[in-house]
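# Reading the structure
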Amino acid sequence: MSVQRTLIIDDEPDIRELLELTLNRMGIDTDAAADLGQARTMLQHTHYDLCLTDMRLPDGNGIELVEWIQQHLPNLPVAVITAHGNMELAVQALKAGAFDFVSKPVDLEDLRNLVQSALKLSNTAHQGKNLRSRHELLGDSAPMQKIRGTIAKLARSQAPVYISGESGTGKELVARLIHNKGPRADHPFVPVNCGAIPSELMESEFFGHKKGSFTGAINDKVGLFQAADGGTLFLDEVAELPMSMQVKLLRAIQEKAVRPVGEHKETHVDVRILSATHKDLDKQVTDGLFRQDLYYRLHVIQLTVPPLRERREDIVILARHILNKIAAAHSTKTPEIGKDALNALLAYPFPGNVRELENILERAIALCEGSVIEPEDLQLPEHNQTSGLESASQLDEYMEDKEKQALLEALKKTRYNKTAAAKLLGISYRSIRYKLKKLGIE
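Residues numbered from 1 in each chain as written. Predicted model: local features only at pLDDT ≥ 70, side-chain atom pairs only at ≥ 80, totals over all residues. Heavy atoms only, no water.

## Some details on empty space enclosed by the protein
- Per the counting criterion, the structure on display carries 1 cavity of 30 Å³ or more.
- Along the walls of the largest cavity sit Ala155, Gln158, Ile178, His179, Gly182, Pro183, Arg184, Thr232 and Arg272, which together make up its complete lining.
- Residues that form the lining of the largest cavity fall into these classes: 3 nonpolar, 4 polar and 2 charged. (1 Å grid on protein atoms, 1.4 Å probe; cavity = no way out; pocket = protein on both sides within 12 Å on 5 of 7 lines; lining within 4 Å. Points joined across faces, edges and corners; volume = space filled by probe spheres on them. Nonpolar A, V, L, I, M, F, W, Y, C, P; charged D, E, K, R; others polar.)

## Describing the packing of helix α6 (residues 142–155) against helix α7 (residues 171–180)
- Closest axis-to-axis distance for the α6/α7 pair is 8 Å, and the angle between their directions is 45 degrees. On the basis of the axis angle, α6 is oblique to α7. In the packing of α6 onto α7, the handedness of the crossing is right-handed. Of the residues in α7, those touching α6 at Ile151, Leu154 and Ala155 are Val174, Leu177 and Ile178.
- Looking at side-chain class alone, the contact of α6 with α7 contains 6 nonpolar, no polar and no charged residues. (Axes fitted to C-alpha atoms, helices over the stretch in contact; angles between N-to-C directions. Helix = DSSP H or I, 4+ residues; strand = E, 2+ residues; numbered from the N terminus. Parallel < 35°, antiparallel > 145°, perpendicular 65-115°, else oblique. Left-handed = near helix turned anticlockwise from the far one by under 90°. Contact = heavy atoms within 4.5 Å.)

## Considering the packing of aromatic side chains
- Within this structure, the stated rule accounts for 6 aromatic pairs.
- Consider the rings of Tyr348 and Phe350, whose centres lie 4.9 Å apart with planes at 80 degrees: the pair is edge-to-face.
- For Phe350, a relative accessible area of 0% translates into the label buried.
- Every member of this aromatic cluster is reached through a ring pair, and the members are Phe206, Phe207 and Phe225. (Phe/Tyr/Trp six-rings, centres within 6.5 Å; stacked < 30°, edge-to-face > 60°. Buried < 20%, exposed > 50% of the residue type's maximum accessible area, 1.4 Å probe, protein only.)

## A word on the sheet that holds strand β14 (residues 301–304)
- The strand order β9-β10-β13-β8-β14 describes an open sheet built from 5 strands, whose pairing is parallel. If you trace the sheet from one side to the other, it starts and ends with β9 (189–193) and β14, each paired once. Averaged over all pairs of adjacent strands, the angle between their axes in this sheet comes to 20 degrees, without regard to strand direction.
- Where β9 and strand β10 (residues 232–236) come together, 5 bridges link them in parallel fashion. Paired with Val190 across the two strands is Leu233, which belongs to β10.
- Seen against the sheet, α6 touches β8 (161–164), β13 (272–277) and β14 and runs at an angle of roughly 150 degrees to β14. (Pairing = 2+ DSSP bridges.)

## Section: the sheet that holds strand β3 (residues 50–54)
- Strand order in this open sheet of 5 strands is β2-β1-β3-β6-β7, and the pairing throughout is parallel. Two strands close off the open sheet at either side, each with one partner strand: β2 (29–33) and β7 (100–103). The average undirected angle you get between the axes of adjacent strands in this sheet is 20 degrees.
- Pairing analysis gives 5 bridges linking strand β1 (residues 5–9) to β2, with the strands arranged parallel. Paired with Arg5 across the strands is Asp29, a residue of β2.
- Set on the sheet, helix α2 (residues 36–45) makes contact with β1 and β2; between it and β2 the angle comes to about 140 degrees.
- Against the sheet, helix α4 (residues 87–96) contacts β6 (78–82) and β7, and its axis sits at roughly 160 degrees relative to β7.

## Some points on the packing of α2 against helix α3 (residues 62–72)
- Across the interface, α2 lies against α3 with an axial gap of 11 Å and an inter-helix angle of 20 degrees. Considering their axes alone, α2 and α3 lie roughly parallel with respect to each other. Here α2 and α3 pass one another in a crossing that is right-handed. Across the interface between the two elements, Leu36, Arg40, Leu43 and Gln44 from α2 touch Glu64, Leu65, Trp68 and Ile69 from α3.
- Grouping the constituent residues of the contact of α2 with α3 by class yields 5 nonpolar, 1 polar and 2 charged.

Below, the structure written as structure tokens:
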């Protein structure tokens, strides 16, 4: 394997020497340039695996070089060195396409982590590896083609990404793909639903705790940040974080360090942060429910996942994929979707998006008597184009409760004979088994 080479651009000889010495000790060859003009000439005549540039240079700034590299050498990772505390420029560089940034005075551990990740990415690009995984976004619609292109670009960066979209659109899948297609793919992807953690346990969950640090802490616990070290931490429903936790989260992201509850020293962590919520985060900030400084740290790049009703041409592909998956899980033959059932799906607004489509088809397979799914098997709720997710959810809960009551009544009347109960309700034995399992009735 050939030795990898990095171009270092900085007008301060002491900084250049420190960077070259650090990279040489990692077994990486280096060249150095003192300004943008010299750097561009060297980049045009020599192959590099990484470019590391200072932000302030005699004939311009690092962002100009980032933009030039994006245009002429799009597969070359470029990282910028910023003045301590100048997050605005760092964010600007990330938006322009920089892989990552380090702040002065340069922390050598942070630098080594950055270089290793960037060279891994560069190596993958040059070897032509196809970082595909079992997780893929399905659909040939224009919005999905655009998102796949954006994911590929975002995977080549370490910038924090904020993923917005309605519930059920697949925000976690998008986050997982950004992770899987990037240089952190062989490290953990740790998803966490911020709304599902009790507020009194949040600090312990995120940062860990020492044994005996509070009542019930019977062992040391590794927090989510440490579990994701070297990989990606996906903060789903980030708008649900209470203000007190927002402050601590901001500090952990800024300092790249966490302190477990009951511990006196901090632990260095190297994680990429991806976040998502179905709420309007801008409005949360305006309403004083979400800290503006944390918003700017998480919201460097935004990616919006479209609702299913805005990409109806993908419904057929998605439906067939979901049916194949469900049938394989139950070791049964995949049923066909009848023309009328397909038209019903295409006309339905899907307030619950892809997740709702999965639920509808799972129910349809259970209710389908033959090998073709008919409209009545779908049991689509009454709808209008303005019906929202909340009303659909309330309707589902109401219908589920009524269904449960009817099932329990039929079972009591037939002394819990499922075959007789199914006959009484006018449904198949297969259907009653499915409904009992779904509703948690033994």
